Amino acid sequence: MSGYIGEVVESGTKGFVARSPRVGEAPSFGSFVRTDSGSPVYGLVYEIITGSREPGRKPDAYDMSMEELKREQPQIFELLKTEFHVLTLGYLDRGKIRFALSPLPPPIHSFVLECTDEEKEALSSEDFFLRAIITSPNVPADDLIISSLLGAQRSRKNDKDFMVRMGKSLSRFLKDDYERLASILRRLL
Amino acid sequence: MLNFHLVKSQIDSMIRERKDFACELTDKITLAKEELKLKSEDWEELSRKVEESRTSWLVAGISSPPASAHPLPERPRNYTALSSDGSQIFPDRHEALPCYLINISSIALTYGDNAGAMLGSGPSLFYRDEDRFTIWGGKKIPADSEVISLKRTLMEFERILQLVKGNEADGNTIALSDGTLILWRLEASPPDFRDGIMVPFLRILDEFRTLRVPVAGYISYPGSTDVINALRVGLCPEKVSFCNQCPYTELPTLPCSPIEGLTDRFLFSTVLDTGEASAVFKSSSKILEMYGEHHIYFFYINIGEEIARVEVPKWVAEDGRLLSLVHTLVYDQAKKGKGYPVSIAEAHEQAVVKAKDRDFFFSLIREAMVKSGFAVTVSRKGLSKRVPGV
């Protein structure tokens, strides 16, 4: 299959990890993705890691430009991998996106695709994704909120009302932490 | 269990003795270096004497001034390095089924304009009678670690040959192998077993020769003494040395002993600058009588971090273009691998079968047997090792 951006190599209820087909390439941080499994799972990319394929080996410094490395040390690119971690936001339930954890995680080796503008619009139509981010313990929540909101707004052709609506939701979620809310809002401008 | 208190005192004695030897070494190296220079002036005479003498050691055949140092030739911009290595799971007679596994890696690294890398490995499982047993001096015996290791070596060279054939690069290709090209272990085996390895091995070398792809065996930190031994022949006052009729055994020290104990590596570390290669010498291993056109020659090279020994067949040693290609590419490979040829290092990494892989392999077999309704029985000894009681 062509056109996919990753393949699921670790799968769990709260999220999954996908291997990128090309080293150094991955969907951007904060982008909306989905699996192509029987019941697609939707999520947000919150971590991208490039490193050694083998646990016992670490990349070394070579003092060469990227061009030189590709010409003179071509094997190192075969020994690296790029993986991205996805936070699950919801799944497709009888043709409708349900903002809840999927009853079963996506199967290992499912392909991962970037969401279409329509899917992004549907995923951001409510503020559930912001709540999902804020309540997840192991994600860089504030930055993920900013990136996902900006991405959603782009797919909605810079809809100002959308930003205002989400800003209001954020102020509700973070009503006990004004500093944090202010920092996010300032960075969204 | 190992008693480390008792081991430690033995380690200390070993270090004391080695330290004493290291002090003597400096004088020996100076002497050997002088001798190498001296004999280079009249190397034809040393060459004749080595040729005619009969010693109990391996002596390097000499066909050029032995002290010469060849500067590093320019590296072609585009080249390909091919390599393969193997690893195995030996048969364990305490396991449920008798079988063994050989994992062979394939490495093709292309440098320059069309740079790219191909790294991989493929396992082969051997369980049929013809694989589990071998004919050794007319008798059918179970394949042991020695037999499996030789079979593995053969498979490595077969794999490199496949890589050569599948590689559409221009003339600058090298086939690198870890360790010696001299299958000296076969010296002690009976002709029926020996031929089973040697005939296909030489056929593979024939193909390399037809394709004009140089094969080189790379030996890191070599312990060989062939050149030192040639100098010892030179030190012998006899016109031709016959060690088994040595007339000097009554003397407190033999005339050839002042440089005894040195390795060629020590000697050439004082002769070669970084990148330089030594003269080419001819190996006198007995097994090479079978090699014919592929008789193995060798040279030493200073790769910066250490002195390495590089072995090549006769047709490479006698072809100036191929020899200097081997010289420059071996150096470049070692530089890229920070002191050890990167293609050989990757070949090892791809082939290696770790202890936990071995355990998993046998548990896969047991599991497959259970699923197929086989009665799985392992030996009590095997079981006792796996689950030691108190």
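Each chain carries its own residue numbering, running from 1 in the written order of its sequence. Written order determines the labels here, with chains lettered from A and ligands numbered from 1. Two thresholds apply to this predicted model, a pLDDT of at least 70 for residue-level local features and 80 or more for giving and counting side-chain atom pairs, whereas whole-chain, interface and lining totals are computed over all residues.

Observations concerning the overall build of chain A
Here is step 1 of the chain: Each helix is a run of DSSP H or I of at least 4 residues and each strand a run of E of at least 2, with the numbering of both proceeding from the N terminus. Counting its regular elements, chain A contains 6 helices and 7 strands.
Here is step 2 of the chain: Put simply, chain A runs from its N terminus to its C terminus through helices and strands in the order β-β-β-β-α-β-β-β-α-α-α-α-α.
Here is step 3 of the chain: Principal-axis analysis of the C-alpha atoms gives chain A an extent of 55 × 40 × 30 Å.
Here is step 4 of the chain: Partly exposed residues are those whose C-beta has more than 12 but fewer than 20 other C-beta atoms within 10 Å; with 20 or more the residue is buried, with 12 or fewer it is exposed, and the C-beta atoms are placed from the backbone. The proportion of buried residues among the 189 residues of chain A is 30%.
Here is step 5 of the chain: In chain A, the share of contacts with a sequence separation of at least 24, taken over all contacts with a separation of at least 6, comes to 71%. Placing a C-beta atom from the backbone of each residue, one calls two residues in contact when those atoms lie within 7 Å.

Some points on the overall build of chain B
Here is step 1 of the chain: Summing up its helical and strand segments, chain B has 12 helices and 14 strands in all.
Here is step 2 of the chain: Along the first, second and third principal axes, the C-alpha atoms of chain B reach 75 × 60 × 45 Å.
Here is step 3 of the chain: Relative to its 390 residues, chain B shows a buried fraction of 36%.
Here is step 4 of the chain: Considering only contacts in chain B between residues 6 or more positions apart, those separated by 24 or more positions represent 73%.

A few points about the nonpolar core
Here is step 1 of the chain: Judged by nonpolar contacts, the single largest core of 79 residues is most densely connected at Val310(B) and Val326(B).
Here is step 2 of the chain: For this core, the leading source of residues is helix H9 (residues 320–336) of chain B, giving 8 residues.
Here is step 3 of the chain: Apart from residues lying up to four places away in sequence, Val326(B) is in contact with Ile174(B), Pro214(B), Ala216(B), Val310(B), Val312(B) and Val316(B).
Here is step 4 of the chain: Throughout this description, the term nonpolar core refers to a group of buried Ala, Val, Leu, Ile, Met, Phe, Trp, Tyr and Cys residues whose C-beta atoms join them within 7 Å. Listed in part, the 32 residues of the second largest apolar core include Val86(A), Val112(A), Leu130(A) and Ala152(A).

Digging into the domain arrangement of chain B
All names here are of chain B.
Here is step 1 of the chain: Domain ranges listed in this record stem from an automatic or a database domain assignment. According to the domain assignment, chain B consists of domain 1 (70–227 + 255–353) and domain 2 (357–386).
Here is step 2 of the chain: If you average the C-alpha positions of domain 1 and of domain 2, the two centres end up 35 Å apart.
Here is step 3 of the chain: Contacts between the two partners involve 7 residues from domain 1, matched on the other side by 13 residues from domain 2.
Here is step 4 of the chain: Residue polarity follows a fixed list, in which Ala, Val, Leu, Ile, Met, Phe, Trp, Tyr, Cys and Pro are nonpolar, Asp, Glu, Lys and Arg are charged, and the others, Gly among them, are polar. When the residues that make up the side of domain 1 that touches domain 2 are grouped by side-chain class, the tally is 5 nonpolar, 1 polar and 1 charged.

A look at unusual backbone geometry
All names here are of chain B.
Here is step 1 of the chain: Look at tyrosine 221: it is not a glycine, yet its phi comes out positive at around 50 degrees.
Here is step 2 of the chain: The phi dihedral of lysine 338 is positive, around 55 degrees, even though this residue is not glycine.
Here is step 3 of the chain: Examined against the element boundaries, lysine 338 turns out to sit in the loop between H9 and helix H10 (342–351).

Focus on the packing of helix H2 (residues 43–52) of chain B against helix H6 (residues 226–235) of chain B
All names here are of chain B.
Here is step 1 of the chain: The interhelical angle for the contact between H2 and H6, taken along N-to-C directions, is 95 degrees, at an axis separation of 10 Å. Between H2 and H6, the interaxial angle falls into the category roughly perpendicular. Listed contacts from H6 to Leu46, Lys49 and Val50 of H2 are Ala230, Val233 and Gly234.
Here is step 2 of the chain: Counted by class, the contact of H2 with H6 contains 4 nonpolar, 1 polar and 1 charged residues. Think of each axis as a best-fit line through the C-alpha atoms, taken over the contacting stretch in the case of a helix, with angles from 0 to 180 degrees between the N-to-C directions. Here the word oblique covers every angle except those under 35 degrees (roughly parallel), over 145 (roughly antiparallel) and from 65 to 115 (roughly perpendicular).

Quick word on the interface of chain A and chain B
Here is step 1 of the chain: Facing 8 residues of chain A, the contacting portion of chain B comprises 11 residues.
Here is step 2 of the chain: When its residues are assigned to classes, the side of chain A that touches chain B shows 2 nonpolar, 2 polar and 4 charged.

Comments concerning the environment of Ala279(B)
Residue and element names in this part refer to chain B.
Here is step 1 of the chain: Position of alanine 279 relative to the elements: it lies in the loop between strand S11 (277–278) and strand S12 (281–282).
Here is step 2 of the chain: Taking the C-beta count within 10 Å as the criterion, alanine 279 has 21 such neighbours and is therefore assigned buried.
Here is step 3 of the chain: Excluding residues within four positions of it along the chain, alanine 279 makes contact with Ser64, Pro65, Pro66, Ser68 and Phe299.

So, the pairing of strand S9 (residues 173–178) of chain B
A regular strand carries its side chains on alternate faces of the sheet.
Residue and element names in this part refer to chain B.
Here is step 1 of the chain: Burial analysis of S9 places 6 of its 6 residues in the buried class, the great majority of the element.
Here is step 2 of the chain: Residues Thr173, Ala175 and Ser177 line one face of S9 and the alternating positions Ile174, Leu176 and Asp178 line the opposite face, and both faces are buried.
Here is step 3 of the chain: Any two strands between which DSSP finds at least two bridges are classified as paired. The pairing of strand S3 (residues 79–83) with S9 spans 4 bridges and is parallel. Bridging across to S9, serine 83 finds its partner in leucine 176.
Here is step 4 of the chain: A clockwise path from the first strand over the helix to the second, with the strands pointing away from the viewer, defines a right-handed crossover. For the crossover from S9 across helix H5 (residues 191–211) to strand S10 (residues 215–219), the handedness is right-handed.

Digging into the environment of Thr180(B)
Residue and element names in this part refer to chain B.
Here is step 1 of the chain: Mapped onto the elements, threonine 180 comes out in the loop between S9 and H5.
Here is step 2 of the chain: You can call threonine 180 buried: it has 20 C-beta atoms within 10 Å.
Here is step 3 of the chain: The spatial distance from the C-alpha of threonine 180 to the C-alpha of leucine 2 is 34 Å, given a sequence separation of 178 residues.

Some points on the confidence of the model for chain A
Here is step 1 of the chain: On average, chain A scores 94 in pLDDT, and the residues at 70 or more come to 99%.
Here is step 2 of the chain: Every residue is assigned a pLDDT by the predictor, reflecting its confidence on a scale from 0 to 100. Element-level mean pLDDT values for chain A span from 92 in helix H1 (residues 66–72) of chain A up to 98 in strand S2 (residues 15–19) of chain A.

So, the pairing of strand S4 (residues 41–52) of chain A
All names here are of chain A.
Here is step 1 of the chain: Of the strand pairs in this sheet, strand S3 (residues 32–35) and S4 are connected by 3 bridges, and their pairing is antiparallel. Paired with phenylalanine 32 across the two strands is leucine 44, which belongs to S4.
Here is step 2 of the chain: Two successive antiparallel strands, S3 and S4, enclose a turn made up of 5 residues.
Here is step 3 of the chain: Relative to strand S5 (residues 80–93), S4 runs antiparallel, the two sharing 11 bridges. Looking at the pairing, leucine 44 lines up with leucine 87 of S5.

Let's talk about the confidence of the model for chain B
Here is step 1 of the chain: For chain B, per-residue confidence averages 93 on the pLDDT scale, and residues scoring 70 or more make up 99% of the total.
Here is step 2 of the chain: For this predicted complex, the interface score ipTM comes out at 0.74, while the overall pTM is 0.86.

Quick look at the environment of Phe360(B)
Residue and element names in this part refer to chain B.
Here is step 1 of the chain: Here phenylalanine 360 is to be found in helix H11 (residues 355–371).
Here is step 2 of the chain: Note on phenylalanine 360: 11 C-beta atoms within 10 Å, which makes it exposed.
Here is step 3 of the chain: The spacing of phenylalanine 360 and isoleucine 219 is 141 residues in sequence and 32 Å in space, taken between C-alpha atoms.

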